[in-house]
Amino acid sequence: MAKKIVVIPGDGIGSEITDSAVEVLKKAAEKFSLALEYEYKDAGGTAYDKFGTPLPEDTLEACKAADGVLFGAVGGDKWDNVEPSLRPEKAILGLRKGLGLYANLRPVKVADALVEYSPLKQELVKGVDLVIVRELVGGIYFGEKCESEAYNGTERAWDLENYSIPEVQRIAKLAFETARIRRGKVTSVDKANVLATSRLWRRTVAQVAQDYQDVELNNLYVDNCAMQLAVRPTQFDVIVTGNLFGDILSDEAAVIGGSIGMMPSASIGELTSLYEPIHGSAPDIAGKGIANPVGTILSAAMLLRYSLNEEEAAQAIETAVDKALAEGWRTADLWHEGFKKADTKTMTQAVIANL
Ligand code: IPM
Ligand code: MN
């Protein structure tokens, strides 16, 4: 029976990059005899314009019934003044909650061909190979909040951070399992010198570590971790952290790899999982056909790996991307003299030609 992939292009460059990834998936399906079918659904600002909600019920239901979800990007200045509960970002937050996507995996592996794009010195970046495991459905993102209340004659707002032991156990286990099949090292990141949630986090991670004696565990405060990522990023294998710290650290880690346009992610759920590039919807270049499709293509590879268990096809896509880069193809975000300039379609074809 064919495996069903729900494709959510979203806003901005979303449809250009998901088109690319689907073309690559089709080629991989042909090569590895996979039966894949695609169902397109709306979300984000585009869905808000059509249906008055960023996450139509029908989109969520289709995702629940799918074998995997490929997501482009949502958001744009056009919706800046929309009421907070209807903003495009609510689509991705609603999908995380609705599908129980409790873990976000963001691998940062710097290919030798891309070392020159890093804002860090080349000798610091060479060999970086880490993955951030970010808790995705808890913490301050989903705690109780107040947009505005009267306070001492003025106004205040607040967001509540909370974590329960089972929430931390679940993400910690995934981090230790991930480390086991990598280099066996977990760095847990918190702010235990200040926050109560972080103290519970730290002691829970230490308890889970008892079952993983073969994995080395160390703890870092988030401010120190942010600094260490810039000073010696090769020290990291698996970084596990909460929702807000993970959001911030994963952008920092991504840029170490030079282009945010190259970075994929997987959001792991109990039933369906969702795959998306880590960059946004880039409204400034939307419709121009010049967006870098690689982050989305590599996200599709992760979909094959984690949701369909098609490791060989996943690796074939990753290798094809490396080869296209080695041939000198670069989209506008990475191009400079001496390289072959590719628009979105040309880059996609260069990957397909190497598949
Ligand atoms: C991300 C994004 C989202 C987040 C936004 C769009 C809500 O920045 O996936 O990291 O903060 O989680
Ligand atoms: Mn983010």
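Thresholds applied
- Residues numbered from 1 in each chain as written.
- Chains lettered and ligands numbered in written order.
- Predicted model: local features only at pLDDT ≥ 70, side-chain atom pairs only at ≥ 80, totals over all residues.
- Heavy atoms only, no water.
- Axes fitted to C-alpha atoms, helices over the stretch in contact; angles between N-to-C directions.
- Helix = DSSP H or I, 4+ residues; strand = E, 2+ residues; numbered from the N terminus.
- Parallel < 35°, antiparallel > 145°, perpendicular 65-115°, else oblique.
- Left-handed = near helix turned anticlockwise from the far one by under 90°.
- Contact = heavy atoms within 4.5 Å.
- Nonpolar A, V, L, I, M, F, W, Y, C, P; charged D, E, K, R; others polar.
- Salt bridge = Lys/Arg side-chain N within 4 Å of Asp/Glu carboxyl O.
- Buried < 20%, exposed > 50% of the residue type's maximum accessible area, 1.4 Å probe, protein only.
- Arc of directions from axis to C-beta.
- 1 Å grid on protein atoms, 1.4 Å probe; cavity = no way out; pocket = protein on both sides within 12 Å on 5 of 7 lines; lining within 4 Å.
- Points joined across faces, edges and corners; volume = space filled by probe spheres on them.
- Domains from an automatic or database assignment.
- Buried area = accessible area lost by both parts, 1.4 Å probe.
- Polar contact = N/O pair within 3.5 Å; in protein donor to acceptor, adjacent residues only side chain to side chain.

Let's talk about the packing of helix α3 (residues 57–64) against helix α4 (residues 89–99)
Following both chains from N to C, one finds α3 and α4 inclined at 45°, their axes separated by 11 Å at the closest point. Classed by the angle they form, the pair α3 and α4 counts as oblique. With respect to the hand of their crossing, α3 and α4 are arranged in right-handed fashion. From α3, Leu60, Cys63 and Lys64 reach across to α4, where they touch Leu95, Gly98 and Leu99. Of the residues in the contact of α3 with α4, the class split is 4 nonpolar, 1 polar and 1 charged.

As for the pattern of salt bridges
Inspection of every chain in the model, using the stated rule, returns 24 salt bridges. A salt bridge links Lys50 to Asp42, with the nearest nitrogen and oxygen atoms 3.1 Å apart. Exposure remark for Lys50: the relative accessible area of 54% places this residue in the exposed category. Of the residues examined, Asp42 reaches a relative accessible area of 22% and is grouped as partly exposed. Here Arg106 ties to Asp251 by a salt bridge, and the two come within 3.8 Å at their closest N and O atoms. Taken together, the positions of Arg106 in strand β4 (residues 101–109) and Asp251 in helix α9 (residues 243–256) put the pair 145 residues apart, joining distant regions of the chain. Relative accessible area serves as the criterion here: at 8%, Arg106 is assigned to the buried category. What makes Asp251 partly exposed here is its relative accessible area of 38%. Salt bridges linked by common partners bring Lys4, Glu39, Lys41 and Asp58 together as one network.

Quick word on helix α8 (residues 222–231)
For α8, the full list of buried residues reads Val222, Cys225, Gln228 and Leu229. An end-on view of α8 places all buried positions within 110° of arc, on one side of the element. Where α8 is buried, its residues contact β5 (129–135), β8 (185–190), β9 (216–221), β10 (238–241) and α9.

Examining the layout of surface pockets
Considering only enclosed or pocket space, the largest pocket measures out at about 1,000 Å³ in volume. Residue lining of the largest pocket: 33 residues in total, with Pro107, Lys109, Arg182, Arg305 and Glu318 positioned closest to the centre. Taken together, the elements giving at least two residues each to the lining of the largest pocket come down to β4, β5, α6 (165–180), β11 (264–269), α10 (294–306) and α11 (311–326). In terms of residue count, α11 provides more of the lining of the largest pocket than any other element does, 6 residues in total. Taken together, the residues of the lining of the largest pocket break down into 20 nonpolar, 5 polar and 8 charged. Taken domain by domain, the lining of the largest pocket gets at least three of its residues from each of domain 1 (1–100 + 270–355) and domain 2 (111–258). Its volume calculated, the second largest pocket comes out at about 340 Å³. Around the second largest pocket, the lining is made up of 19 residues, and of these Ile92, Arg96, Glu276, Ile278 and His279 lie nearest the centre. At the level of elements, β3 (68–73), α4, α9 and β12 (274–277) are the ones that each hand at least two residues to the lining of the second largest pocket.

Points about the domain arrangement of the chain
Buried accessible area, meaning the area lost when the parts come together, often serves as the stated size of an interface. Under the domain assignment used here, the chain contains domain 1 (1–100 + 270–355) and domain 2 (111–258). The gap between the C-alpha centroids of domain 1 and domain 2 is 24 Å. Across the contact, 13 residues belong to domain 1 and 15 residues belong to domain 2. Together domain 1 and domain 2 conceal approximately 1,100 Å² of surface at their shared face, both sides included; 62% is due to carbon and sulfur atoms. Taken together, domain 1 and domain 2 are joined by 1 salt bridge. Where Arg170 meets Glu270, a salt bridge forms, and the shortest distance between an N and an O atom there is 2.7 Å. Put simply, domain 1 and domain 2 have 5 residue pairs in polar contact (both at pLDDT 80 or more) between them. When residues of the side of domain 1 that touches domain 2 are traced back to their parent elements, those giving at least two are α4 and α11. Per element, the largest residue contribution to the side of domain 1 that touches domain 2 is 3 residues, and it comes from α4. For the side of domain 1 that touches domain 2, the per-class residue count stands at 6 nonpolar, 2 polar and 5 charged.

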